[in-house]
Amino acid sequence: MYVISGATGNVGRPLVRALAASGASVRAVSRTAPPTLPDGVTHHRADLTDPESLRPVVAGAEAVFLLVSGAGAHLDAPAILDVIKAGGARRVVLLSSQAAGTRPGSPSHAPLRAWEDTVRGSGLDAVMLRPGGFASNAFAWADAVRRTRTVTAPFGDVGLPVVDPDDIAAVAAEVLRDGWHAGRVYELTGPQPCTPRQRAAAIGAALGEPVRFVEQTPAEARAQLLTFMPEPVADGTLAILGSPTPEEVRVSPHVAEILGRPALPFTGWAERNVEAFR
């Protein structure tokens, strides 16, 4: 039986579906109930800020998928892992971030690197998934695209190999089921770098209408990010978007190696999610 935290999110939803389609027993965990679940999947309300709320959920689990909100600095990682171990789980798959490897000392991502270290020292078989930027971050543009067919973003011509959340979920499903991956760290990216300007064009192509790209200044972008992100996270996000390291621009082979097919491009994500932008 597999326990999936963050089951209502962009990764959790397809991960639950993928595991259920394989015939696995799945417990979907979130603070609020999802509108629908695949047949046979049970939902459990629990909150990582209260590790004891996880105890009945993880009882009898073979493996647990951990998604920590933000950078996880506000969570008691040792207590959460103690509860998971007490429930009998053998494996934990942690959804971390590429920047936990490329920027481990930055205020924005040091807490996730600390989470990785704690999971490694827990005595559980651990797998770290380090995705780059999510294709689904483009949902932040949906309202403006619907209203004015405009995308506004900084660093319009800086390309990053954003990853489709469905690929993250597919990789997570594989490594949850197969103990061979224990101890490994996987970087998850898309198949090629893609700039914000190109992503706006891909959304337009999916709509069959032009979408105009308007470039923000870094200061404008920072002010917008600060409306929903802590300052260190906003600054770390802008640093990656505007001045990525060579490692952050590089296309990782891990999605293709694990899934036996190429990583999904942003164009495919835009086509599958076009209704959000109509």
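I will try to describe carefully the structure that is included in this document. Note that the structure is predicted; figures quoted are calculated from it, not measured. (Residues numbered from 1 in each chain as written. Predicted model: local features only at pLDDT ≥ 70, side-chain atom pairs only at ≥ 80, totals over all residues. Heavy atoms only, no water.)

### Some details on the environment of S25
- Relative to the elements of secondary structure, S25 occurs in the loop between α1 (12-21) and β2 (26-30).
- Sequence separation between S25 and G242 is 217 residues; the distance between their C-alpha atoms is 42 Å.
- Ignoring anything within four residues of it in the chain, the contact list for S25 reads M1 and Y2. (Helix = DSSP H or I, 4+ residues; strand = E, 2+ residues; numbered from the N terminus. Contact = heavy atoms within 4.5 Å.)

### So, helix α3 (residues 77-86)
- The complete set of buried residues in α3 reads A77, I80, L81, V83 and I84. With its buried residues spanning 155 degrees around the axis, α3 presents them on a single face.
- The secondary structure elements touched by the buried residues of α3 are α2 (55-58), β4 (63-67), β5 (91-95) and α5 (110-120).
- G88, located one to two residues past α3, shows a positive phi value of around 100 degrees. (Buried < 20%, exposed > 50% of the residue type's maximum accessible area, 1.4 Å probe, protein only. Arc of directions from axis to C-beta.)

### A look at the pairing of strand β6 (residues 125-131)
- Most of β6 sits inside the fold, with 6 of its 7 residues counted as buried.
- When β5 meets β6, the two strands line up parallel, connected through 5 bridges. Considered in β6, the bridge of L95 is made with L129.
- Two elements, β6 and strand β8 (residues 185-188), share 4 bridges in a ladder whose sense is parallel. If you follow M128 over to β8, its bridge partner there is V185. (Pairing = 2+ DSSP bridges.)

### A short note on the environment of D82
- Within the fold, D82 resides in helix α3.
- Note: C-alpha distance between D82 and I168 (86 residues apart in sequence) is 26 Å.

### Let's talk about the pairing of β4
- Most of β4 is tucked away: 4 of the 5 residues are buried.
- Summarising the sheet, strand β1 (residues 2-5) and β4 pair through 3 bridges and their orientation is parallel. Considered in β4, the bridge of I4 is made with F65.
- Judged from the 5 bridges that link them, β4 and β5 form a sheet pairing that is parallel. Bridged to L67 within β5 is L95.

### Observations regarding unusual backbone geometry
- The phi dihedral of R149 falls on the positive side, at around 55 degrees, and the residue is not glycine.
- Note on placement: R149 falls in the loop between α6 (142-148) and β7 (150-154).
- The phi angle at F155 is positive, at roughly 55 degrees, despite the residue not being glycine.
- Looking at the element boundaries, F155 is found in the loop between β7 and α7 (165-177).

### Digging into the nonpolar core
- Counting 31 residues, the largest nonpolar core has I4, L15, L19, F65, L129, L176 and L188 as its most contacted members.
- Looking at this core, the element that brings in the most residues is α7, giving 7 residues.
- Other than its neighbours up to four places away in sequence, F65 contacts V3, I4, S5, V11, L15, V93, L95, L129, A172 and L176.
- Counting 28 residues, the second-largest nonpolar core is a separate cluster that includes A77, V83, V92 and V119. (Core = buried A, V, L, I, M, F, W, Y, C linked by side-chain atoms within 4.5 Å.)

It is worth stressing that arrangement in space is one thing and function is another; only the former is reported here.
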